[in-house]
Amino acid sequence: MRLTTKGRFAVTAMIDLALRQGKGPVTLSGISQRQAISLSYLEQLFGKLRRHEIVESIRGPGGGYSLARRADKVTVADIIIAVDEPLDATQCGGKENCHGADAATGTRCMTHELWATLNEKMVDYLDSVSLQDLVDQQKQKNSEQNVVHVHRPHAAVGQN
């Protein structure tokens, strides 16, 4: 698998952004601080996300980024593809020349179809998960962490 930090960081940053929708534009410096992702790296990623119309930028004082589409209309696959993240489990990068660098002389390895099918399944799965799904999971996780459980010892029956 070649899902590098680029795709992981882009999805994390998008969850952070989506969690703050409706509260005004979100700054990349804020995302950078909360998620420990380099600001210059976020600028590169968000440039690509903006070109794919997943986010929009608001300039000037109080500016930042917001979602260009509703979170339920953005899939993880959209984000990964926008930042040019390869989703490829094949050894050859899909060129079908697993046993040689030259496409004309290289041949497919015996497991090429296995890995090519895995690629399709990965894209199908990531296309089935919306940004809203991830936001909802994060909100659920946060609410479970904020629950305080009070345990009181039960008095034995018949004791005064």
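Just so it is clear, the structure is predicted and the values come from calculations on it, not from any experiment.

Chemist: With reference to specific residues and values, describe the pattern of salt bridges.
Modeler: Scanning all chains against the criterion turns up four salt bridges. A salt bridge links Asp16 to Arg20; the nearest nitrogen and oxygen atoms lie 3.3 Å apart. The exposure class of Asp16 is buried, given its relative accessible area of 1%. Between Arg34 and Asp16 there is a salt bridge whose closest N-O contact spans 2.7 Å. Highlighted residues: Arg34 in helix H2 (residues 28–35) and Asp16 in helix H1 (residues 5–19), separated in sequence by 18 residues.

Chemist: Run through the packing of H1 against H2, naming residues and quoting values.
Modeler: Two measures define how a pair of helices packs: the angle their axes make with one another and the distance between the axes. Taken N-terminus to C-terminus, the directions of H1 and H2 make an angle of 115°; their axes are 10 Å apart at the nearest point. Considering the angle they form, H1 stands roughly perpendicular to H2. As H1 packs across H2, the resulting crossing turns out to be right-handed. Contact residues: Thr12, Ala13, Asp16 and Leu17 in H1; Ile31, Arg34 and Gln35 in H2. Each residue belonging to the contact of H1 with H2 can be placed in one class, and the counts come to three nonpolar, two polar and two charged.

Rules behind the numbers
Numbering of residues begins from 1 in every chain and follows the order in which that chain's sequence is written. Restriction of local features to residues with pLDDT of at least 70 applies here, the model being predicted, together with a cutoff of 80 or more for giving and counting side-chain atom pairs; totals for whole chains, interfaces and linings are based on all residues. Where side-chain values are given, they derive from all heavy atoms of the structure, hydrogens and water being excluded. We define a salt bridge as a contact between a side-chain nitrogen of Lys or Arg and a carboxyl oxygen of Asp or Glu at a distance within 4 Å. Relative accessibility decides the category of a residue: with a 1.4 Å probe and only protein chains considered, values under 20% of the type maximum give buried, values over 50% give exposed, and everything between is partly exposed. Per the convention used, a helix needs a DSSP run of H or I reaching at least four residues, while a strand needs a run of E reaching at least two, with both numbered from the N terminus. Note on geometry: axes are C-alpha line fits, over the in-contact stretch for helices, and angles between N-to-C directions span 0 to 180 degrees. Any angle that falls under 35 degrees is termed roughly parallel, while one over 145 is termed roughly antiparallel, one within 65 to 115 roughly perpendicular, and all others oblique. By the definition used in this description, the sense in which the near helix is turned from the far one sets the handedness, with an anticlockwise turn below a right angle giving left-handed and a clockwise turn giving right-handed. The criterion used for residue contact is that any of the two residues' heavy atoms lie within 4.5 Å. Each residue is assigned to one class: nonpolar for Ala, Val, Leu, Ile, Met, Phe, Trp, Tyr, Cys and Pro, charged for Asp, Glu, Lys and Arg, and polar for all the others, Gly among them.

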